[in-house]
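Analysis of the macromolecular model
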Amino acid sequence: MSLDYSTSEFTINRDKDRCIDCQVCVRQCANEAHYYDDEEQKVCSDEHKCVNCHRCVTLCPTRALSIKKHELEFRANANWTENAIKDIYKQAATGGILLTGMGNDRPYPIYWDHMLLNASQVTNPSIDPLREPMELKTFLGRKPESLKVENGKLAEKLPPQLELEIPIMFSAMSFGSISLNACKSMAQTAYENGIMYNTGEGGLHRDLYKYGRNTIVQVASGRFGVHPGYLNAGAAIEIKIGQGAKPGIGGHLPGEKVEAEVSLTRMIPQGSDAISPAPHHDIYSIEDLRQLIFALKEATNYTKPISVKIAAVHNVAAICSGIARAGADIIAIDGYRGGTGAAPTRIRDNVGIPVELALAAVDTRLRDEGIRNQVSIVCGGSVRNSADIIKAIALGADAVYIASSALLTMGCHMCQKCYTGKCNWGIATQDPNLTKRLNPEIAVKRLTNLLHAWSHEMKEMLGGMGINAIESLRGNRHMLRGIGLSDRDLNILGIKAAGE
């Protein structure tokens, strides 16, 4: 057994004057960072096991606990930082790859925060959303070159469309990576608010088929849970090629998470690892992708739009051009800050590009080629608030995916340990003692509150720009200005600098 030089990441501070040794923290911590010492007859802590999920701090009845970053100072070195040293200690002790959850957390530029919105003043009056109608409804899918109208009515059938009351959807998170209660919460919220949620690559649990008209079913490389009933249950089908947090590699759900219900839904043996290969073994070209797109359209009688999800990578614009020409109705682009249940740390932190740059590049390319109307664009990868959504649509998105925001709404505290299966908030776990902590009724209410709040804010921002429909903002980059960006950044984003 090798010597481990690692130290704890966090310090647990327990106020002895406030702590009543009630053991709430002991019962609430799945990581066993708290325990009751029978000899001392008091609650103690094992800081090495703390992941800073805030569960104990939040539920402590006397507010006796606080968690802080461990104050271990290394000699200052711009190259050998504290994290670089600690990572080497971990790998020297374990011999394994470093794993993490959620998206890229490195201090790279966040382009959303370097773009500012326009506002009407004198010549173009603003609109008051409290007194005048504002349209947030969005339709996703292939649009025809022109519309044939006879006697005031459409004379031809439109390609299948997804209708969204607001341009927001819950992104792909599979049953297995997250709990059934979390899946139910998003499915019901989507159903009640006229938006969509995505099954992820884990199939569709039998209890969720009733939400089918608000469900996007995903087909990934592992084909878990894919069968004709599954394909026909959803409102749309998404082919997952890549994921922003781990472009170019597949997925892995540990066997410990594959309990009976996950096994049944994914159609794999209970307790077995669910491994998705990096590539689809029937897709090695745009022509192969086209075959799968039309196979899925045939399987569903051409009644559902087909989406293709890719990670934001180099040359993303050319890739999306090919996808559009292959017959996809929707392209979902996932940036490197997009969340995940588990990813190799080195992949997450060093592969892929910001979704803001990818989105702008793709929209520009499709417009230049005259095929922008043939496909809708969905943007994902750390959409944090309503302003990010408005900026994404101005850059060219038709709608956005949110995932981390949804998890935070349900109680996630971003400890980034989803892959352990010990989520103390009942979200990224299959442990029945933990999953019951997430109450779907409360989660639905909170998710609905978030959607309503963001909707109001989006209407306020649109009104301030003198725009009364979200459709009029799509790709309207005149409404954006950059601040603190290089000329090259501004050029790729297709926006002017503040003051121009």
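1. Re the overall build of the protein chain
A tally of helices and strands in the protein chain yields 15 helices and 23 strands. Taken over the C-alpha trace, the protein chain has a radius of gyration of 24 Å; the compact-globule value for 500 residues is 23 Å, and the two agree within 12%. Overall size of the protein chain, expressed as C-alpha extent along the three principal axes, is 85 × 55 × 45 Å. Of the roughly 23,400 Å² of accessible surface on the protein chain, 51% is carried by carbon and sulfur atoms. Within the protein chain, the 55 negative side-chain charges are centred at a point lying 2 Å from the centre of the 55 positive side-chain charges.

2. Examining the pairing of strand S3 (residues 42-45)
It is a general feature of regular strands that their side chains alternate between the two faces of the sheet. With 4 bridges joining them, strand S2 (residues 34-37) and S3 adopt antiparallel strand pairing. Residue pairing in the sheet places His34 in a bridge with Ser45 of S3. As consecutive antiparallel partners, S2 and S3 are separated by 4 residues, and within that stretch Gln41 has a phi angle of approximately 55°, a positive value.

3. Overview of the domain arrangement of the protein chain
For the protein chain, the assigned domains are domain 1 (10-100) and domain 2 (116-497). In this complex, domain 1 contributes 16 residues to the contact, which on the side of domain 2 involves 17 residues. Taken over both partners, the interface formed by domain 1 and domain 2 buries close to 1,600 Å², and the fraction arising from carbon and sulfur atoms is 53%. The largest contributions to the domain 1 side of the interface with domain 2 come from Arg55, Leu99 and Thr100, which together make up 41% of the buried area. Counting every contact that joins domain 1 to domain 2 gives 1 salt bridge. Between Arg346 and Asp87 there is a salt bridge, and its shortest N-O distance comes to 3.1 Å. Linking domain 1 with domain 2 are 8 residue pairs in polar contact (both at pLDDT 80 or more). Residue composition of the side of domain 1 that touches domain 2, by class: 7 nonpolar, 6 polar and 3 charged.

4. Concerning the packing of helix H11 (residues 386-395) against helix H14 (residues 440-464)
In contact at an axis separation of 9 Å, H11 and H14 are set at 50° when each is read in the N-to-C sense. One way to sum up the angle between H11 and H14 is to call them oblique. Judged by the twist between their axes, the crossing of H11 over H14 is right-handed. Residues Ser386, Ala387, Ile389 and Ile390 of H11 form the contact with H14, whose own contacting residues are Trp454, Glu457, Met458, Met461 and Leu462.

5. Thoughts on the packing of helix H8 (residues 316-325) against helix H10 (residues 355-368)
Direction vectors running N to C along H8 and H10 enclose 50°, while the axes themselves pass 8 Å from each other. Here H8 is positioned oblique relative to H10, judged by the angle of their axes. Considering the relative orientation of H8 and H10, their crossing is right-handed. In this structure, H8 contributes Val316, Ala317, Ala318, Cys320, Ser321 and Ala324 to the contact, and H10 contributes Ala358, Ala361, Val362, Arg365 and Leu366. Here the contact of H8 with H10 is built from residues that sort into 9 nonpolar, 1 polar and 1 charged.

6. A closer look at a nonpolar patch on the surface
Together, Leu147, Val149, Leu154 and Leu158 line one region of the surface with nonpolar side chains, adding up to about 350 Å² of accessible area. If you trace the backbone, Leu147 turns up in the loop between strand S7 (138-140) and strand S8 (149-150).

7. Let's talk about the packing of aromatic side chains
One pass over the full model with this rule turns up 3 aromatic pairs. Seen from their ring centres, Tyr108 and Tyr336 are 5.9 Å apart, and the 15° between their planes marks the pair as stacked. With a gap of 228 residues between them, Tyr108 in the loop between strand S5 (99-100) and strand S6 (115-117) and Tyr336 in the loop between strand S18 (330-334) and strand S19 (343-344) connect regions that are remote in the sequence. Residue class for Tyr336 comes out buried when judged on its relative accessible area of 8%. Aromatic side chains Tyr191 and Tyr211 sit 5.6 Å apart centroid to centroid with 70° between the ring planes, which places their arrangement in the edge-to-face category. One end of the pair, Tyr191, is in helix H4 (residues 180-193); the other, Tyr211, is in the loop between strand S12 (196-198) and strand S13 (215-219), and 20 residues separate them in sequence. In this structure Tyr191 comes out as partly exposed when scored by relative accessible area, which is 33%.

Analysis parameters
- Along each chain, residue indices are assigned from 1 in the same order as the chain's sequence is written.
- Only residues with pLDDT of at least 70 get local features here, since the model is predicted, and only at 80 or more are side-chain atom pairs given and counted; chain-wide, interface and lining totals rely on the full set of residues.
- Think of the side-chain values as coming from all heavy atoms in the structure, minus any hydrogens and water.
- Numbering of helices and strands runs from the N terminus; a helix is a DSSP stretch of H or I covering at least four residues, while a strand is a stretch of E covering at least two.
- We take the radius of gyration over the C-alpha atoms and set the globule estimate at 2.2 Å times the residue count to the 0.38 power.
- To be clear on the numbers: accessible area is Shrake-Rupley with a 1.4 Å probe, and residue cover counts the displayed protein chains and nothing else.
- We treat Lys and Arg as the positive residues and Asp and Glu as the negative residues; His and chain ends play no part in the count.
- For the purpose of locating charges, the reference atoms are NZ of Lys, CZ of Arg, CG of Asp and CD of Glu.
- Pairing between strands is defined by DSSP: at least two bridges between the two strands are required.
- Each domain span listed reflects an automatic or database assignment of domains.
- When checking whether two residues touch, look at their non-hydrogen atoms; a contact exists if any pair is within 4.5 Å.
- For any pair of parts, buried area is found by adding up, for both, the accessible area (1.4 Å probe) each one loses once the two are put together.
- Note on definitions: salt bridges are taken to be side-chain nitrogens of Lys or Arg within 4 Å of carboxyl oxygens of Asp or Glu.
- Residues adjacent in sequence count toward polar contacts only when both atoms are side-chain atoms; beyond that, a polar contact is any pair of N or O atoms within 3.5 Å, and within protein one must be able to donate a hydrogen and the other to accept it.
- In the scheme used here, Gly and all other residues not listed as nonpolar or charged are polar, with Ala, Val, Leu, Ile, Met, Phe, Trp, Tyr, Cys and Pro taken as nonpolar and Asp, Glu, Lys and Arg as charged.
- A fitted line through C-alpha atoms represents every axis, and for helices the fit uses only the stretch in contact; the resulting angles, taken between N-to-C directions, go from 0 to 180 degrees.
- Our angle categories are set so that under 35 degrees counts as roughly parallel, over 145 as roughly antiparallel, 65 to 115 as roughly perpendicular, and the remainder as oblique.
- If you view the pair so one helix is near and one far, a crossing is left-handed when the near helix is turned anticlockwise from the far one by less than a right angle, and right-handed when it is turned clockwise.
- Any residue with relative accessible area above 30% and no salt bridge may belong to a patch, with like charges joined within 9 Å and the nonpolar Val, Leu, Ile, Met, Phe, Trp and Tyr side chains within 5 Å.
- The aromatic pairing rule takes the rings of Phe, Tyr and Trp, using the six-membered ring of Trp, and pairs them if the centres are within 6.5 Å, calling planes under 30 degrees apart stacked, those over 60 edge-to-face and the rest tilted.
- Remark: exposure states derive from per-residue accessible area (1.4 Å probe, protein chains only) relative to the maximum for the residue type, with buried under 20%, exposed over 50%, and partly exposed in between.

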